[in-house]
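Here is what each chain is made of, one letter per residue.
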Amino acid sequence: MQAFDWSKVDALTDDQIIEAAKADPDSVMPTEAELAEFDLVLPAKARREMAQAKAPRAGDGDDDSDRNNPPKEAAE
């Protein structure tokens, strides 16, 4: 198996990527109106992490000692 040369992809500008997507018959570019209809859905793990970050910690709230511990669901 031959390795893919990602340097060519990394060298593309955003405009070049958009033009390539528009030229691809299998690509669909949503309109601004379609994008406005989408609902952002965060994965459950991201929602839990955001909730944990906002929730006050046990103790005085200023203790950073347990911030280096992985969350219980880290095995996901």
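Residues numbered from 1 in each chain as written. Predicted model: local features only at pLDDT ≥ 70, side-chain atom pairs only at ≥ 80, totals over all residues. Heavy atoms only, no water.

J.: Can you break down the overall build of the protein residue by residue, with the values?
T.: What the protein contains, in helices and strands, is four helices and zero strands. Written out in order from the N terminus, the α and β elements of the protein read α-α-α-α. Within the protein, buried positions represent 1% of all 76 residues. (Helix = DSSP H or I, 4+ residues; strand = E, 2+ residues; numbered from the N terminus. Buried < 20%, exposed > 50% of the residue type's maximum accessible area, 1.4 Å probe, protein only.)

J.: Describe the packing of aromatic side chains, listing the residues and the values that go with them.
T.: The tally for this structure, following the rule as stated, stands at one aromatic pair. With a centroid separation of 4.8 Å and an interplanar angle of 65°, the aromatic rings of phenylalanine 4 and tryptophan 6 are classed as edge-to-face. The exposure classification of phenylalanine 4 matches that of tryptophan 6, with both residues exposed. (Phe/Tyr/Trp six-rings, centres within 6.5 Å; stacked < 30°, edge-to-face > 60°.)

J.: Outline the pattern of salt bridges, supporting the account with residue identities and numerical values.
T.: Enumeration according to the criterion identifies one salt bridge in this entry. A salt bridge links lysine 22 to glutamate 19; its shortest N-O distance comes to 4.0 Å. Note that lysine 22 and glutamate 19 are positioned in helix H2 (residues 14–23) at a spacing of three residues, about one turn of the helix. (Salt bridge = Lys/Arg side-chain N within 4 Å of Asp/Glu carboxyl O.)

J.: Run through the environment of alanine 21, naming residues and quoting values.
T.: Inspection of the secondary structure puts alanine 21 in helix H2. Under the relative-accessibility criterion, alanine 21 is labelled partly exposed at 21%. Once you skip the residues sitting within four places of it in the chain, alanine 21 turns out to touch Ser27 and Met29. (Contact = heavy atoms within 4.5 Å.)

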